[in-house]
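# Coordinates in review
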Amino acid sequence: MEDPLKKREDIVCYAPQMITTNGIWQGDNPLNYALPLFILQVMLVVIATRIFVFILKPIRQPRVIAEILGGVILGPSVLGQSKTFAEAVFPLRSVMVIETMANLGLLYFLFLVGVGMDVSSLKRIGRKAVFIAAGGMVLPFVIGAIFSFVITSGDRPVNKGAYILLLGVVLSVTAFPVLARILAELKLINTEMGRVALSSALINDAFSWILLAVAITMAQSERLVLSSFMILISSVAFVLFYVFAVRPIIGWIIRKTPEGESFSDFYVCLILAGVMVSGFITDAMGTHSVFGAFVFGLTIPTGPLSLTLVEKIEDFVSGLLLPLFFAISGLKTNLGLIKGVFPWLTIVTLVLLSCIGKIAGTIFVAVSYQMTLDEGAALGLLMNSKGLVEMIVLNVGRDQKVLDERSFAIMVTITVLMTGIIVPGLSAIYNPTKRVISYKRRTIQMSRKDEELKVLVCIHTPRNVPSIINLLDASNPTKKSPICIYVLHLVELTGRTSALLIVHNSRKSDQPALNATQAQSDHIINAFANYEQQASCVTVQPLTAMSPYSTMHEDVCNLAEDKRVALIILPFHKLHTIDGGMEPINAPFRTVNRNVLANAPCSVGILVDRGLNWSNRLVDDVVVSHYVAVLFFGGPDDREGLSYGWRMSEHEGVCLTLMRFVPGTEVGSTTDTKQPPSHNHNTNNIQEEPRILTVDTEKDTEKQLDERLIQLFRMNRVNNESIVYIEKVVNNGEETVAAIRSMEDIHDLIIVGRGQGMISPLTAGLTDWSECPELGAIGDLLASPDFATSASVLVVQQYVGQGSEVDNSLVTTDNVVNTNEEYINQRTHHSVAPPTGHTVHMFNDTERQLR
């Protein structure tokens, strides 16, 4: 005789009038009423998931894992083991409310996924992405089909076809949104591997929706053939209707809204209501309601309407409602049902074999497309990202009785483990922080005269744009040496969970800005686009980096290395005021500048802008529009500044003044040297400043490089009347300041080396009261509001070695001089020797002439 308990089904009585409580003062228990209980459940879910987000953040785990684990903790696996807690906080009568809200959040999230997906990008996906997606799906699907016979419980009938399909989908598909987050967190989203991974995941995700529809059909159908055929026909009709009927209506709404104006609330509410209508239709047809919301989202074209919809509902849906869905999945997961060692060994074996199968399939295709073995393995590991589709499949399978509670718990565990091993595994296989790009032209000085000069320009606000364009215009772009400019708008990350680097194309007139940040980006893009059209031999690529200030320098440095630029130009964190002062625009940008100086893979220039604006002036019957001065004290940074000024001097409208400061007799042999550590006190100082050079041969090398560059500069430009060479003899910092103040205030731009690590009596005492030490002693002096000048200042730091500011490039004198010869030879192959007795300009008694 059968046990009657096995046939028993739980019957939950629901009182519709018990929605809100009359209050605890009238003896009501709030947990007996639907609304306060739901609020408490949401609070617990949000708190639990946020705790796991905080815990898992150091190891960069995707947020979906934290949300599932939060539900597992609240469910029968941990806290739910307490009968008191389970009946009080998550009673059976509350399941309907919380699951309804969770599915509503899922509905709108899939709508947002469809809105954010550019359908036209599918046409641009190459064969490589398609084959990688297919190669990564076949083996895991086969492995899942084989293991389905091992995992299945033998005590009840199972729809075997649906079960195999469900497990195959869980193991083989890739979660596009989760993968995008992982790539953004690892700063790989704009690399070649990141682009291939996203393209392959897009194909994989699209195929997963087909498998999902088939799996739902197989799970729900008693009469498989007829119902499957009807569901398929109705789904195709639904898609065609939305493409040819609904999408034109959306286009009409966009055209009816004037450019620059926001969309009316009526249209927005109509579209949001359409999401629920779409979900209702597809649910009635037999497919999941999220399919209708996703298709409706695809009908919204990328542009102002899609951005409006995302801004209005993304935070509420992604931050509050969607975690409920993953938490519900965790609440349904009872790990206690996975008893014994064998099931856990089966899970681990299945996870490892599936990962290895996906990696092997991806490597096979990747290697055939000339990718390295490491890149193929890393790409295969990234394709193991699991998330939304997998959890939908598992919940459908559980609701349709294809999966029992034990199988459901096993598959949820598999999903979490497969996604959780991605970042640790990727760090072991392919270290994203280890830059493998190698290139020689990391400085202006070492850049070839007949090659393209690549410059990365960072923009804080649109106020930086005019002066930086004028600086680039004076950099002498020519047919032999054009300038490629990467314009990076730096924006603080707000309202997103991961950093984002946006590559812009030319904006269309029918896409007005929707917020202040986009309006600023548009202004910057348009300004540089106009400059590109008007200037010759200049190409511009605009980008926007959205990241926290603490990691913003990583975006700058990684982009500089990816693009192999020779110079990064950063705006100073202060802007010029009408009264001649300097006011900070955003204090955190100072930290960004410092971090870039410490980690840049190339030379860096900080522009202190005082309204850099070229004006044409007639000097000796020659039209001069740019007056530039270079202050030279010696060292790598000053040589880089001189090299940049040298390039500018080849511009027909530039008049260049090179002022070299040399030690007088009072200074003696110690002038302009790097002091070796002779006492403990000095040694401590040197440890704090790693770029200080302490070896006599290195000191001699620096002097030789300075003298050689100065000599060749004078030889090369001896007959050029637009260049003035001055030597100032000074003995201390006070005389240096006096000499700089004596300069005529006719210059538009003063270029000076940062001089980091250089100890010179010529600048002694200037750093004692330094306000901005990142500019160096002379740069801080010139940027001070107390320094009476209208000239803008460019403070230059030369790249001298990998990692922070340590000079690893100086090994022997011969090596350094020989390395510099390549640059020198390019600059002087048309030079002529100076005539005997030639004299340079002399201005006063403290200037010394060299013959």
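Not measured: the values here are computed from a predicted model. (Residues numbered from 1 in each chain as written. Predicted model: local features only at pLDDT ≥ 70, side-chain atom pairs only at ≥ 80, totals over all residues. Heavy atoms only, no water.)

### Considerations on the overall build of the protein
Along its length, the protein carries 28 helices and 15 strands. Buried residues in the protein amount to 54% of all 851 residues. Sequence separation of at least 24 residues holds for 80% of the intrachain contacts in the protein that already meet a minimum separation of 6. Counting every atom, the protein has about 39,000 Å² of accessible surface; 59% of that belongs to carbon and sulfur. (Helix = DSSP H or I, 4+ residues; strand = E, 2+ residues; numbered from the N terminus. Buried < 20%, exposed > 50% of the residue type's maximum accessible area, 1.4 Å probe, protein only. Contact = heavy atoms within 4.5 Å. Areas by Shrake-Rupley, 256 points an atom, 1.4 Å probe, with all protein chains shown as cover.)

### Observations concerning the environment of L352
Residue placement: L352 occurs in helix α14 (residues 341-368). As a C-alpha pair, L352 and I414 span 62 residues in sequence and 9.9 Å in three-dimensional space.

### Overview of the environment of D205
Turning to its location among the elements, D205 is positioned in helix α9 (residues 192-220). Along the chain, D205 and A175 lie 30 residues apart, while their C-alpha atoms are 6.4 Å from each other. Each residue touching D205, except ones within four places of it in the same chain, is listed here: T174, A175, F176, P177 and V389.

### Considerations on the pairing of strand β15 (residues 792-797)
Judged by how many residues are buried, β15 sits mostly within the fold: 6 of 6 residues are covered. Residues S792, L794 and V796 line one face of β15 and the alternating positions V793, V795 and Q797 line the opposite face, and both faces are buried. Bridge count for strand β14 (residues 749-753) against β15 is 5 bridges, and the pairing is parallel. By the bridge assignment, G753 is partnered in β15 with V796. (Pairing = 2+ DSSP bridges.)

### Things to note about the environment of L472
The residue L472 is located in helix α19 (residues 465-473) in this model. Residue classification places L472 among the buried positions, given a relative accessible area of 1%. Along the primary structure L472 and I485 are separated by 13 residues, whereas in three dimensions their C-alpha atoms are 8.7 Å apart.

### Section: the state of the cysteines
Counted under the stated rule, the structure contains 0 disulfides. The structure places no disulfide on C557, whose sulfur is separated from the nearest cysteine sulfur, that of C602, by 7.9 Å. For C557, a relative accessible area of 6% gives the class buried. (Disulfide = S-S within 2.5 Å.)

### Notes on the nonpolar core
Generally speaking, a soluble globular protein has its nonpolar side chains buried in company with each other. Judged by nonpolar contacts, the single largest core of 121 residues is most densely connected at F111, L382 and L388. Among the elements that take part in this core, helix α13 (residues 304-331) stands out by supplying 12 residues, more than any other. When near neighbours in sequence (up to four residues on either side) are disregarded, L388 contacts L106, F109, L110, L322, F325 and F326. Of all hydrophobic cores here, the second largest spans 54 residues; its members include L570, M582, M659 and A777. (Core = buried A, V, L, I, M, F, W, Y, C linked by side-chain atoms within 4.5 Å.)

### Observations concerning the pattern of salt bridges
With the rule as written, the count across this model stands at 15 salt bridges. With its nearest N and O atoms 3.9 Å apart, the salt bridge here joins K332 to D399. Residue K332 is found in the loop between α13 and α14, and its partner D399 is found in helix α16 (residues 388-399); the two are separated by 67 residues along the sequence. Across the pair R448 and E451 runs a salt bridge whose closest N-O atoms are separated by 3.6 Å. Within this structure, E99, K332 and D399 form a network of salt bridges that share partners. (Salt bridge = Lys/Arg side-chain N within 4 Å of Asp/Glu carboxyl O.)

### Thoughts on a nonpolar patch on the surface
On the surface, a nonpolar cluster with roughly 770 Å² of combined accessible area is contributed by I19, L35, I39, M43, I47, I51, F54 and I55. Its relative accessible area of 42% is what places I39 among the partly exposed residues. (Patch = residues over 30% accessible without salt bridge, like charges linked within 9 Å, V, L, I, M, F, W, Y side chains within 5 Å.)

### Section: the packing of helix α11 (residues 265-285) against helix α12 (residues 289-298)
Contact pair α11 / α12: the axes reach a minimum separation of 6 Å and the direction vectors enclose 135°. Taken together, α11 and α12 sit at an angle that is classed as oblique. The element α11 and its partner α12 pack so that their crossing is right-handed. Of the residues in α12, those in contact with I271, G274, V275, S278, G279, T282 and D283 of α11 are S289, F291, G292, A293 and F296. Of the residues contributing to the contact of α11 with α12, the split by class is 5 nonpolar, 6 polar and 1 charged. (Axes fitted to C-alpha atoms, helices over the stretch in contact; angles between N-to-C directions. Parallel < 35°, antiparallel > 145°, perpendicular 65-115°, else oblique. Left-handed = near helix turned anticlockwise from the far one by under 90°. Nonpolar A, V, L, I, M, F, W, Y, C, P; charged D, E, K, R; others polar.)

### A short note on the side chain of D637
Of note, D637 is situated in helix α23 (residues 636-649). From its side chain, D637 meets the backbone nitrogen of Q798 in a polar contact 2.9 Å long. (Polar contact = N/O pair within 3.5 Å; in protein donor to acceptor, adjacent residues only side chain to side chain.)

### Concerning the confidence of the model for the protein
With 77% of its residues at a pLDDT of at least 70, the protein reaches an overall mean of 77. When the criterion is pLDDT under 50, residues 668-695 qualifies, and its contacts beyond four places in sequence or with other chains add up to 55 contacts. Low pLDDT, under 50, characterises residues 803-821; the predicted model gives this stretch 39 contacts beyond four residues in sequence or across chains. (pLDDT = per-residue confidence, 0-100.)

### Here we look at the packing of aromatic side chains
Using the criterion set out here, one finds 12 aromatic pairs in the structure. Measuring from ring centre to ring centre gives 6.4 Å for F238 and F291, while their planes differ by 40°; the resulting arrangement is tilted. With a gap of 53 residues between them, F238 in helix α10 (residues 224-256) and F291 in helix α12 connect regions that are remote in the sequence. What makes F238 buried here is its relative accessible area of 5%. (Phe/Tyr/Trp six-rings, centres within 6.5 Å; stacked < 30°, edge-to-face > 60°.)

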